[in-house]
Amino acid sequence: MNTYLNTLNEAQKQAVIQKDGPMIIIAGAGSGKTRVLTYRIAHLMQQGVDSFNILSLTFTNKAAKEMKARIAGVVGASEAKNLWMGTFHSVFARILRSEADKLGFPSNFTIYDTQDSVRLITAIIKEMNLDKERYKAKQILGRISSFKNSLITVRAYFNNSDLQEADLHASRPKVGDIYKEYVDRCFKSGAMDFDDLLLRTNELLARFPEVLAKYQSRFKYIMVDEYQDTNHSQYIIVRSLADKFENICVVGDDSQSIYSFRGANIQNILNFQKDYPDVKTFKLEQNYRSTKNIVNAANSVIARNKTKLDKEVWTSNDDGDAINVMRTISDGEEGRFVAQSIWENQINHQLTSDSFCILYRTNSQSRAIEDALRKKGIDYKIYGGISFYQRKEIKDILSYLRILINPNDEEAFKRIINYPARGIGATTIDKLTIAANHYKKSIFEIVRYIDKIDISINSGTKNKLQNFMNMMLRLQIESQTKNAFEIAEIVVKQAQLIKDLEKEGTPESVSKVENVQELLNGIKDFITDKIEQGEEASLTTFLEDVALATDFDANKDDDKPSVSLMTIHQSKGLEYMYVYIVGLEENLFPSAMSMNTRSELEEERRLFYVALTRAEKVAYLTYAQTRYRWGKLVDAEPSRFLEEIDDQYLQYLTPKAINPIINNFVDKSIFDDAPKGIRFQKPIQRKKMDRDLVKKKEIVIPKNMKKVSQTSAKTNLFDENVVVGNIVEHNRFGTGEVLSLEGSGPNKKAEIKFGTVGKKKLLLQFAKLRVIG
DNA sequence: GATGCCAACTTTTTT
DNA sequence: AGTTGGCATC
């Protein structure tokens, strides 16, 4: 018993065994935070705390799942099952469902994603006849979102002259009216957006003392991970729930607070000690993840931030390699460098692709990297960007399912009323919306009782509407006796969704059909999973999962090893042996939108800190001199963050082939008779810092560059110039002899006799052969 | 009301 | 560069 305690260091152990009262664990990057949290929960349970009384809030659903699994390993699966564990959004969505009637919501309320919210606001702005240039839907949503996250309700807004004045000043006097209409329409649709899941929870706890008391007594022990990234709304929920027992344990690292753009308030963690004067503070400062070089380099950068808690991250790991800095002429070249480097590191160190991760500031940067990886034949997995569930064909099907559960869901209804096309156009939908607002009913009900109301729609269109409604009502009845998968299948068939796509016959529509198929499979998997775990497998839970799922949750891990690509934000909490941070350029990282204030810049710096501390062994920092942005080639300057790292931890790689731009255009030999001393350098010295970097460090021969430079010097090692008789090496088949060649250009094939698998005919452009003799 | 073409916008990060 | 929405035309 308690053997797990012996695997912890002293600081970790103290944090694990501290049972009661408020406590804060300040956990440096890579300091075993998850382990401490996991063991702390397991320890509580071993001390006799009922799992039902423990609430643990994590940052992602994936983190919750993994922690639950690890706890189950210590205390047993059946014990771990009752733990309340998940993201703020999913835990409180669950609570809201069971208390929904108190707030006037149906228990199967819809969760609007950002897309739904933007569409609704767009519609409202249009209905109110406002100038959509002045009232940009996305911006208005952002404003409403920040109101909600600061617990400023519509009423509070209209009671707050400062806020109204600010909007007036910004020439947007109608923001409050839009806000009000938006909230009303969500309510009428039985829908909550992401921020509502927190705001409405606060409403529930504030307005119904008996509900608050119930959950206060239930959650005797509360733990909050990534506390530095909680917003005010989340903060108040936690404070209210913990108010009875004050057994509140928050974990976080102020140096990794990177979500202020969505309302996260770093003050929550900085002020925790003020909130609870008798707080016990624990600091986890030993880093187990990274080399000394990486830890020290990261420290040297974050030291420049002014607002932070006092802590010192250190490691007893090896020094490791210096951090590699690479400049390329373009973003395309940057991608090729990364791909080449990964390829070589894989070979040289016998690593699989899953040891590598490529991090970038913005999703749009992935394209150039992807191209390069694909050309090199390196498997990769990309997280983020447009999630599967956001695709049009998928959202359309989900909208059908949403309507079956909650017919009042306005956004879903508007999506499908004319999809597939059934002759119901914008004019009709406008009329229906007006009627719906007038009668204070949902559009669904208006259509359902279209005969009973006074509305100027011609009989042909009315007929179409009734046909549609009849189908929906039929589906509704069927859905009551079927499981989520069966319903989805019937919907796809009844609404002729696949048929509609197949009719198109374009390559895009073919892939859409595949996506629909994948969705159906996904629902099937979901159901089997849930049934196996003895959990609820209803359509409601499926749709909730979909709405709150992150990209990580959606991805299956059983694929073949692949390089991970993601934004830095998504990389929080993860670690990889090799990390490539690309696009280290001014206006990109730090972002041009985040350089106006000191605090914005500090957040960008924390972001860089997060990126660098993902690396266990080796880190590469790359930047390009030119980059395509908005379809245009623009010049780029190296990021200030490169300068901010203490020089002693860096080594600069600047291969000759890439360096002088002019050499790509002019054959140098034509100037062979020119006077000595002529410089083939660009005369304009734009990149001041860049020159300095090169001047200072060029002579240093990078420690681990030996292998790299060897191979990159002989580029023909990897290309298609093999001849009969060559001994070649193939990634999977090993070594073999080239027996014959046929075809030319992209179709050039080689017949090779491998020792392991015998004779093979391979297309050279894909085979990636290395000539070794 | 549907279709197809052009203009405008995009790219900061996400539950 | 790629996507989306608006507008003209059928």
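Note that this is a predicted model, so its numbers are computed, not measured.

Trainee: It is not clear to me how the overall build of chain A should be interpreted in this structure. Could you clarify?
Mentor: From N to C terminus, chain A includes 33 helices and 21 strands. Out of the 773 residues in chain A, the part that is buried amounts to 53%. Considering only contacts within chain A whose residues lie at least 6 apart along the sequence, 75% involve residues at least 24 apart. About 36500 Å² of surface is accessible on chain A, with carbon and sulfur atoms providing 50% of the total.

Trainee: How do you make sense of the environment of Y276 when you look at a structure like this?
Mentor: Positionally, Y276 belongs in the loop between α15 (272-275) and β8 (280-284). For Y276, a relative accessible area of 4% puts it in the buried group. Here the alpha-carbon distance between Y276 and G21, two residues 255 residues apart in the chain, equals 9.2 Å. The residues touching Y276, leaving out its near neighbours within four places in the chain, are P22, R239, A242, E246 and I248.

Trainee: Explain the sheet that holds β8 to me, please; I cannot follow it from the model alone.
Mentor: Within a sheet, neighbouring strands are paired by backbone hydrogen bonds and run either parallel or antiparallel to one another. What the six strands build is an open sheet, ordered β3-β2-β6-β7-β1-β8; its pairing is parallel. A single partner strand is all that each edge strand has here, and the edge strands are β3 (84-87) and β8. The sheet shows a mean angle of 15° between the axes of neighbouring strands, taken without regard to direction. Inspection of the sheet shows strand β6 (residues 221-224) paired to strand β7 (residues 248-252) by three bridges, in the parallel sense. Bridge pairing in β7 links V224 to V250. Strands in contact with helix α5 (residues 88-99) are β2 (54-58), β3 and β6; relative to β3, the strand with the most contacts, it is inclined by about 120°.

Trainee: I tried to follow empty space enclosed by the protein on my own but got confused; where do I start?
Mentor: Which parts of space are left empty comes out when a probe the size of a water molecule is rolled across the atoms. Throughout the structure, instances matching the rule amount to three cavities of 30 Å³ or more. Of the pockets and cavities examined, the second largest cavity occupies roughly 50 Å³. Considering each element in turn, the lining of the second largest cavity owes the most residues, three residues, to helix α21 (residues 426-439). Partitioned by chemical class, the residues of the lining of the second largest cavity number two nonpolar, five polar and four charged. Summarising the domain contributions, the lining of the second largest cavity has at least three residues from each of domain 2 (110-189) and domain 4 (390-548).

Trainee: For this particular structure, what's the right way to read helix α11 (residues 194-207)?
Mentor: Residues spaced three or four apart along an α-helix face the same direction, because each turn holds 3.6 residues. Over its 14 residues, α11 extends 20 Å from the first C-alpha to the last, a length consistent with the 20 Å expected when each residue adds 1.5 Å. In terms of burial, α11 is largely enclosed, as eleven of its 14 residues are buried. Restricting attention to buried positions, one finds in α11 the residues D195, D196, L197, L198, L199, R200, T201, N202, E203, L204 and L205.

Trainee: What should I look at first to understand the packing of aromatic side chains in this one?
Mentor: The way to describe two aromatic rings as a pair is by their centre distance and the angle between their planes. The tally for this structure, following the rule as stated, stands at 22 aromatic pairs. Judged by centre distance (6.0 Å) and plane angle (40°), the ring pair of F88 and F92 falls under tilted. Residue F88 and its partner F92 are both found in helix α5; the two are separated by four residues, about one turn of the helix. Following the ring pairs from residue to residue traces out a cluster consisting of F147, Y157, F158 and Y179. The lysine or arginine in question, K392, covers the ring of Y419, its NZ or CZ lying 4.3 Å from the ring centre.

Trainee: Could you clarify how one ought to interpret the domain arrangement of chain A in this entry?
Mentor: For an interface, size is often stated in terms of accessible area lost upon the parts coming together. Entries for chain A in the domain assignment read domain 1 (5-102 + 199-284), domain 2 (110-189), domain 3 (314-379 + 562-652), domain 4 (390-548) and domain 5 (726-771). Roughly 670 Å² of surface becomes buried between domain 1 and domain 2 when both sides are summed, with 67% attributable to carbon and sulfur atoms. Of all residues in domain 1, the largest losses of buried area upon contact with domain 2 belong to L199, R200 and H232, amounting jointly to 55% of the total for that side. Here domain 1 and domain 2 share zero salt bridges between them. Seen at the junction of domain 1 and domain 2, the total is two residue pairs in polar contact (both at pLDDT 80 or more). At the level of elements, α5, α11 and α13 (232-242) are the ones that each hand at least two residues to the side of domain 1 that touches domain 2. Across the side of domain 1 that touches domain 2, the residue classes tally to three nonpolar, four polar and three charged.

Trainee: Explain the nonpolar core here, please?
Mentor: Considering soluble globular proteins, one finds that nonpolar side chains tend to be buried as a cluster. In this structure, L401, F413, L432, M472 and I523 are the most contacted members of the largest nonpolar core, which totals 57 residues. Those residues in contact with L401 that sit more than four places away from it in its chain are I487, A488, V491, I523, L539 and L543. One finds F109, L197, Y227 and I248 within the second-largest nonpolar core, a separate group that totals 45 residues.

Trainee: Looking at this structure, how should I read the protein's contact with DNA strand B?
Mentor: Around DNA strand B, the surrounding shell holds 25 residues, and the nearest of these are R361, G423, T427, T428 and M593. Counting only atoms of DNA strand B within 4 Å of the protein, the sugar-phosphate share comes to 51%. In the environment of DNA strand B, a phosphate oxygen lies 2.9 Å from a nitrogen or oxygen atom belonging to the backbone of N363. Between a phosphate oxygen of DNA strand B and a side-chain N or O atom of T428, the distance comes to 2.7 Å. Considering only residue class, the surface near DNA strand B consists of six nonpolar, 16 polar and three charged.

Trainee: Before we go on, may I ask you to explain the UniProt feature "domain: UvrD-like helicase ATP-binding" (unreviewed entry) in chain A in this structure?
Mentor: Under the feature "domain: UvrD-like helicase ATP-binding" (unreviewed entry), the UniProt entry names residues 6-291. The span residues 6-291 shows a helical share of 53% and a strand share of 12%, and its end C-alpha atoms are spaced 24 Å apart.

Trainee: What exactly am I supposed to notice about the pairing of strand β9 (residues 323-330) here?
Mentor: Among the eight residues in β9, eight count as buried, and that is most of the element. Sheet analysis places β9 next to strand β16 (residues 650-653), joined by four bridges and oriented parallel. Residue pairing across strands places M326 opposite L653, the latter belonging to β16. Relative to strand β14 (residues 615-629), β9 is paired through six bridges, and the arrangement is parallel. Each bridged residue has a counterpart across the sheet, and for T328 the counterpart in β14 is A624.

Trainee: Explain the packing of helix α1 (residues 10-17) against helix α2 (residues 33-46) here, please?
Mentor: Think of two packed helices as two axes; the pair is described by the angle between the axes and how far apart they sit. In contact at an axis separation of 8 Å, α1 and α2 are set at 40° when each is read in the N-to-C sense. In terms of their interaxial angle, α1 and α2 are classed as oblique. Viewed along their axes, α1 and α2 form a crossing whose handedness is right-handed. Residues Q12, A15, V16 and I17 of α1 touch α2, and the partners they reach there are V36, Y39, R40 and H43.

Trainee: Looking at this structure, how should I read the pattern of salt bridges?
Mentor: Scanning the model with the defined rule gives 41 salt bridges in all. Where K572 meets E226, a salt bridge forms, and the shortest distance between an N and an O atom there is 3.5 Å. Of this pair, K572 sits in the loop between β12 (563-567) and β13 (576-581) while E226 sits in the loop between β6 and α13, placing them 346 residues apart in sequence. The pair K572 / E226 is uniform in exposure class, with both members buried. A salt bridge links D254 to K311; the shortest N-O distance between them is 3.6 Å. Note that D254 is positioned in the loop between β7 and α14 (267-270) and K311 in the loop between α16 (292-302) and β9, a separation of 57 residues in sequence. With a relative accessible area of 1%, D254 lands in the buried category. Judged by relative accessible area, which is 16%, K311 ranks as buried. Within this structure, E127, E181, R185, E410, E411 and K414 form a network of salt bridges that share partners.

What counts and what doesn't
- Residues numbered from 1 in each chain as written.
- Chains lettered and ligands numbered in written order.
- Predicted model: local features only at pLDDT ≥ 70, side-chain atom pairs only at ≥ 80, totals over all residues.
- Heavy atoms only, no water.
- Helix = DSSP H or I, 4+ residues; strand = E, 2+ residues; numbered from the N terminus.
- Buried < 20%, exposed > 50% of the residue type's maximum accessible area, 1.4 Å probe, protein only.
- Contact = heavy atoms within 4.5 Å.
- Areas by Shrake-Rupley, 256 points an atom, 1.4 Å probe, with all protein chains shown as cover.
- Pairing = 2+ DSSP bridges.
- Axes fitted to C-alpha atoms, helices over the stretch in contact; angles between N-to-C directions.
- 1 Å grid on protein atoms, 1.4 Å probe; cavity = no way out; pocket = protein on both sides within 12 Å on 5 of 7 lines; lining within 4 Å.
- Points joined across faces, edges and corners; volume = space filled by probe spheres on them.
- Nonpolar A, V, L, I, M, F, W, Y, C, P; charged D, E, K, R; others polar.
- Domains from an automatic or database assignment.
- Expected span 1.5 Å × (residues − 1).
- Phe/Tyr/Trp six-rings, centres within 6.5 Å; stacked < 30°, edge-to-face > 60°.
- Lys NZ or Arg CZ within 6 Å of the ring centre and 35° of its normal.
- Buried area = accessible area lost by both parts, 1.4 Å probe.
- Salt bridge = Lys/Arg side-chain N within 4 Å of Asp/Glu carboxyl O.
- Polar contact = N/O pair within 3.5 Å; in protein donor to acceptor, adjacent residues only side chain to side chain.
- Core = buried A, V, L, I, M, F, W, Y, C linked by side-chain atoms within 4.5 Å.
- Near = heavy atom within 4 Å.
- UniProt positions renumbered as here; feature names shortened; annotations may be inferred.
- Parallel < 35°, antiparallel > 145°, perpendicular 65-115°, else oblique.
- Left-handed = near helix turned anticlockwise from the far one by under 90°.

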